[in-house]
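The primary structure of each chain is shown beneath.
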Amino acid sequence: MTVLPADGLSLAAEFPAPAHEQWQRLVEGVLRKSGKDAAGPAAEEALSTTVEDGLITRPLYTSRDSAPDAGYPGFAPFTRGSKAEGNAAGGWDVRQRHTLLDPARLNEAVLADLENGVTSLWLTVGGVAGVPVSALAGALDGVYLDLAPVVLDAGDETGAAAAELLRICAERGVDARSVRGNLGADPLGQAARSGAEPDLSDAVHWAQRCAREFPGLRALTVDALPYHEAGGSAAEELGASLATGVASLRALTDAGLSVEDACGQLEFRYAATADQFLTIAKLRAARRLWSRVAEVCGAAGAGAQRQHAVTSSVMMTRRDPWVNMLRTTLACLGAGVGGADSVTVLPFDHALGLPDAFARRIARNTSTILLEESHLARVIDPAGGSWYVERLTAELADAAWSFFQEIERSGGQAAALRSGMIGERLAATWAARSKDLARRKEPITGVSEFPQLAERPVEREPAPAGAAAASGGLPRVRRDEAFEALRARSDAHLAATGERPKVFLAALGPASAHTARASFAANLFQAGGIEPVHDPVSVDATTAAAAFKASGATVACLCSSDALYAEQASAVAGALGPAGARQVFLAGRPGEYPGVDAYVFAGSYPGVDAYVFAGSDVVAVLSSLLDRMDVA
């Protein structure tokens, strides 16, 4: 029997230690093959990617990528978790959201969720979008309020909803020390959404009462979702939440609460996206930042931030909504690994209206599978120690702190909202991101990539309409909105005429020459609701006109290799115009055709009007094309 040495077995003992420079030289060789000449650090830089907030993700992270000490789970700066055991003590709280108006239907849905894995409830109450405050008791009939925490989202009716919830608890004999959840007071979040002037007096009152009578109940939610849903970046979401939390601390301590008690009344709500590493880093950075605030306030031990992560509504699509299941799974994974205390997975049909029972089941089972089958919560801070995650956490925290300081310099969160500073910053961020979406640099599966025009739409009962935002409120954006507008035009055209607008794919040469660009073009045009017609498989100058007329299309797109474009593109395009083509596209980037130096600019080929290629503004191209097709 082989006896291992006392210091264990080193699996890499027989291999020489690789140097960073060796890896860079290998990168240089790969870049040369792709026509790029870069050496040393420049070669590594060529593979780096700039993401939101100006952060750069590099292709390789090593021990040289230092980051501030993350500490230990449960101890300041709480980067590795607010609790010493992390989520390993039983996983995160599975919190389901409900927005039903009918108390009987709401009660049925609530009980079904609690019986099948949900551990807390998030209820929209009051106003035009929630169950009436007076019906809250019926909606919670059969719910053990000492076991299932309730989180309220009642907007302007927060005070009435809070009083009713506490009345119900007292009536049912629930001990005050057993009442848990959150009353959902969020005056600054409401101001961000509506543009109204925030009033924290009611929130302060409930915080004082909770601190005095209900030790397990929190009064305030620091909701960062309005900033995420207005198009903000991760750092902007964090910075705005930090400013909101500080404003709340000021109000609570001015009213007589200690810093420790004031911190205990706050729960922070963040968006979790399908970028799992950014979600992990965001939640870790949020805890580090809030710990710093508590430290500066003289209560370092009270800086353990309570976090509620909600899968992003911005990433949810209305077309091919089944893909949303994949997006929310990644987001839930990121939230769990990132250390969120509570996680809400929005149903895959969230963007279409009220979710059905199947969608709610999939939403709650997403957490169940990750917890019970993937054992995601059995390890404390699973991402801790990753050089990439630690570095990303630190850089994101720095960017968020800078934005927080900007808000504070402008007079604080309320003043920054009032002046429009935050709205302008978020709008600029969204405008930049919209360009990436339009160019498909940020692809949306099922929408901007691989759309299915023949797919039967998923229909749902409309969700209750929220109150109209007052002037100055932050907007709500969606990644799919520009493409959704194009598809809506196509749908209206289909309803009016019985067919979709069509484009004829004039493929030149054999399949081996044209398949790649024909597939690219078909995918691109379908993103705008334009049906591609690729019949016959291949055309030339003598057959293109007849094939185009038979297709029923009004525009055409040439698809082939660069070499065949040089030989046939001009002749085929010249035949399509007289055959009735309103516009002739060519699939490929201008100026890429060997030996055809004269044909550099769009339209330089006789009969070719425009080019479509990877990186082009697809939304602008498709919108203009629908106009040309008279699709209203």
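Throughout what follows, the structure given in this document is the object of discussion. (Residues numbered from 1 in each chain as written. Predicted model: local features only at pLDDT ≥ 70, side-chain atom pairs only at ≥ 80, totals over all residues. Heavy atoms only, no water.)

1. Here's the deal with helix α11 (residues 276-296)
Turning to step 1, where the next piece is worked out: Here α11 is 21 residues long and its end C-alpha atoms lie 31 Å apart, about the 30 Å a rise of 1.5 Å per residue gives.
Turning to step 2, where the next piece is worked out: By the criterion of burial, α11 is predominantly enclosed, with 15 of the 21 residues buried.
Turning to step 3, where the next piece is worked out: One or two steps after α11, the chain reaches glycine 298, where phi turns positive at roughly 85°. (Helix = DSSP H or I, 4+ residues; strand = E, 2+ residues; numbered from the N terminus. Expected span 1.5 Å × (residues − 1). Buried < 20%, exposed > 50% of the residue type's maximum accessible area, 1.4 Å probe, protein only.)

2. Remarks on the pattern of salt bridges
Turning to step 1, where the next piece is worked out: According to the stated counting rule, one finds 41 salt bridges in the structure shown.
Turning to step 2, where the next piece is worked out: Of the charged contacts, one joins arginine 433 and glutamate 442 as a salt bridge, the two residues approaching to 2.8 Å between their closest N and O atoms.
Turning to step 3, where the next piece is worked out: For arginine 433, a relative accessible area of 21% gives the class partly exposed.
Turning to step 4, where the next piece is worked out: The shortest N-O distance in the salt bridge between arginine 517 and aspartate 562 comes to 2.7 Å. Pair noted here: arginine 517 is in helix α18 (residues 511-526) and aspartate 562 is in helix α20 (residues 562-576), with a separation of 45 residues, a long-range link. (Salt bridge = Lys/Arg side-chain N within 4 Å of Asp/Glu carboxyl O.)

3. Re the sheet that holds strand β6 (residues 181-185)
Sheet strands pair via backbone hydrogen bonds, and the direction of the pair is either parallel or antiparallel.
Turning to step 1, where the next piece is worked out: With parallel pairing, 8 strands are arranged side by side around a closed barrel as β3-β4-β5-β6-β7-β8-β9-β10. On average, each strand axis in the sheet is tilted by 30° relative to the strand beside it, whichever way the strands run.
Turning to step 2, where the next piece is worked out: In this structure, strand β9 (residues 307-311) lies alongside strand β10 (residues 342-344), joined through 3 bridges in parallel fashion. Residue valine 310 lies in a different strand from β10, and its bridge partner there is threonine 344.
Turning to step 3, where the next piece is worked out: Taken strand by strand, helix α3 (residues 103-115) contacts β3 (93-98) and β4 (120-124), and its axis lies near 165° from that of β3.
Turning to step 4, where the next piece is worked out: Across the sheet, helix α7 (residues 201-213) is in contact with β6 and β7 (217-223); its angle to β7 comes to roughly 140°. (Pairing = 2+ DSSP bridges. Axes fitted to C-alpha atoms, helices over the stretch in contact; angles between N-to-C directions. Contact = heavy atoms within 4.5 Å.)

4. Observations concerning the nonpolar core
Turning to step 1, where the next piece is worked out: Of all hydrophobic cores here, the largest spans 106 residues; its most connected members are Leu123, Val125, Leu140, Tyr227 and Trp290.
Turning to step 2, where the next piece is worked out: Once you skip the residues sitting within four places of it in the chain, tyrosine 227 turns out to touch Leu188, Ala192, Gly232, Glu237, Ala240, Thr244, Gln413, Leu417, Ile422, Leu426 and Leu474.
Turning to step 3, where the next piece is worked out: In terms of nonpolar packing, the next biggest core, distinct from the first, is built from 55 residues, Leu486, Phe504, Leu524 and Phe525 among them. (Core = buried A, V, L, I, M, F, W, Y, C linked by side-chain atoms within 4.5 Å.)

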